[in-house]
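Working through the structure, step by step
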Amino acid sequence: MNIQTAADTVRHLLQAQNEAGHQPLAQNAIVYAPANIALCKYWGKRNLPLNLPQTSSLSISLAGHGTHARISIAEGAHALSINEVEIPADDPAAKRMFAFLDLFRACTGTYFTLKTISTVPVGAGLASSASAFASVVQALDTLFGWGLDFPAQSILARLGSGSASRSIDHGFLEWDRGQRDDGLDSYASYLPVEWPDFRIALVPISDQAKPIGSRDAMNRTVAESQLYQAWPNQVTRDLDLIRDAIEAKDILALGQAAECNAMAMHATMLASRPAILYWLPESVAALHRVWQLRADGIQVFATMDAGPNVKLIFEAKQQNAVEDAFDSIDVIDPFGYIEPDIGPLDDG
């Protein structure tokens, strides 16, 4: 099959399942997918319709911070609610999600009602879209009993949001850019490393929607930033360093490489025309605080995605010092995940 569009990809991956029919196995399906923070960033696409990245990337999941999704069959039109608020069909978030659901409607012949509860701010640079699209793919797989394997789930999630390819599971995941034009080798894989002492903390700078979405910012950077041509080589170097550091559980090597990678990504944005700057004064202040802590002997490192919020990387033994230095941070143990309460999604 010649795969050139997202719809082609969905048809190809569901082909075997389609032969068994399109009837759901239950009235609804409820799943949870974690958000993730990239330690080696994804920034730039080599194929827009298939959401294929210029480079590979590597992330850590955020345990109980993510998206609960409940999906069921609808009559006549899709419907979406986020955090118990009905989203109008002409809202940009609804348009994007309905376009994604339409990829599956073409194979199943059905519309869907989607209710999500997000435990991270939506559109603030905390990977809410990653966990949202990953949870939808897994909910559809459960609803119809497709039995999709890990690569297929990752590929389908990637069609909604590139970072969603890494929200299919907990822990460290590496998304391989792949080499094929059809993208069937571009999916995330789980890194079999448990690091119980690893911690990541969210420094809340702003929960407001970003002035420019990640997708538009990414495309502008690729098209307009002279610094972007150096980005693939930066990622190749950083990815090897970060992967090796994870295997060795070396927080110093991991933190240095991850922080450098994040700063380089934001530098490519600043060199765009017009420049893209997500940082707020509070973001800069948080970075200076991290650097001062390191000067004082505390091994803590910063990373930032496409947004103003700062994330901290450190080990459990530094947690008290980090919490003393930052007010109201949210410290996450990625390997201490406990299945959270699904709350209102379980009301039928």
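Basis of the calculations
- Positions within a chain are numbered from 1, following the residues in the order the chain's sequence is written.
- Local features are withheld for residues below a pLDDT of 70 in this predicted model, meaning they are given only at 70 or higher, and side-chain atom pairs are given and counted only at 80 or more; totals for whole chains, interfaces and linings count all residues.
- Each side-chain value is derived from all of the structure's non-hydrogen atoms; neither hydrogens nor water enter the calculation.
- Helix and strand definitions follow DSSP, with helices as H or I runs of at least four residues and strands as E runs of at least two, each counted in order from the N terminus.
- What the globule rule says is 2.2 Å times the number of residues to the power 0.38, and the radius of gyration is computed from C-alpha atoms.
- Burial classification: accessible surface area is computed with a 1.4 Å probe over protein chains only, and a residue below 20% of its type maximum counts as buried, one above 50% as exposed, and the rest as partly exposed.
- Two residues qualify as a contact provided that any one of their heavy atoms is within 4.5 Å of a heavy atom in the partner residue.
- In short, Shrake-Rupley with a 1.4 Å probe defines the accessible areas, and a residue's cover is counted only from the protein chains shown.
- The positive count covers Lys and Arg only, the negative count covers Asp and Glu only, and His and the chain ends enter neither.
- Charge coordinates come from a single atom per side chain, which is NZ of Lys, CZ of Arg, CG of Asp or CD of Glu.
- Note on geometry: axes are C-alpha line fits, over the in-contact stretch for helices, and angles between N-to-C directions span 0 to 180 degrees.
- Should an angle fall under 35 degrees it is taken as roughly parallel, and over 145 as roughly antiparallel, whereas 65 to 115 is taken as roughly perpendicular and any remaining angle as oblique.
- In the scheme used here, Gly and all other residues not listed as nonpolar or charged are polar, with Ala, Val, Leu, Ile, Met, Phe, Trp, Tyr, Cys and Pro taken as nonpolar and Asp, Glu, Lys and Arg as charged.
- Under the convention used throughout, the expected extent of a helix is 1.5 Å for every residue step, that is, one less than its residue count.
- The term salt bridge refers to a side-chain nitrogen of Lys or Arg lying within 4 Å of a carboxyl oxygen of Asp or Glu.

**Side note on the overall build of the chain**
Assigned secondary structure in the chain consists of nine helices and 13 strands. Taken against the 2.2 N^0.38 rule, which gives 20 Å for 348 residues, the C-alpha radius of gyration of the chain at 20 Å falls within 12% of a compact globule. The principal-axis extent of the C-alpha atoms belonging to the chain is close to 60 × 45 × 40 Å. Residues classed as buried in the chain amount to 53% of the 348 residues present. Considering only contacts in the chain between residues 6 or more positions apart, those separated by 24 or more positions represent 76%. As presented, the chain carries roughly 14500 Å² of accessible surface, and 49% of it is formed by carbon and sulfur atoms. The distance from the centre of the 25 positive side-chain charges to the centre of the 40 negative ones in the chain is 7 Å.

**Quick look at the packing of helix α2 (residues 92-108) against helix α4 (residues 150-160)**
At a closest axis distance of 9 Å, the pairing of α2 and α4 adopts a crossing angle of 140 degrees. With respect to their mutual orientation, α2 and α4 come out oblique. Along the contact surface, α2 presents R96, F100 and F104, while α4 presents L156, L159 and G160. Each residue belonging to the contact of α2 with α4 can be placed in one class, and the counts come to four nonpolar, one polar and one charged.

**Considerations on helix α6 (residues 231-248)**
The terminal C-alpha atoms of α6 lie 25 Å apart, and with 18 residues this matches the ideal 26 Å at 1.5 Å per residue to within 8%. Of the surrounding elements, those touching the buried residues of α6 are β1 (28-40), β4 (57-74), β8 (172-175) and α7 (251-270). The positive-phi residue at the C-terminal boundary of α6 is K249, with phi of around 55 degrees.

**Brief notes about the pattern of salt bridges**
This model, assessed by the stated rule, comprises 10 salt bridges. The shortest N-O distance in the salt bridge between K41 and D305 comes to 2.6 Å. Here K41 is found in the loop between β1 and β2 (45-47), whereas its partner D305 is found in the loop between β11 (301-303) and β12 (310-315), with 264 residues between them in sequence. Relative accessible area serves as the criterion here: at 1%, K41 is assigned to the buried category. Among the residues examined, D305 registers a relative accessible area of 13% and is labelled buried.

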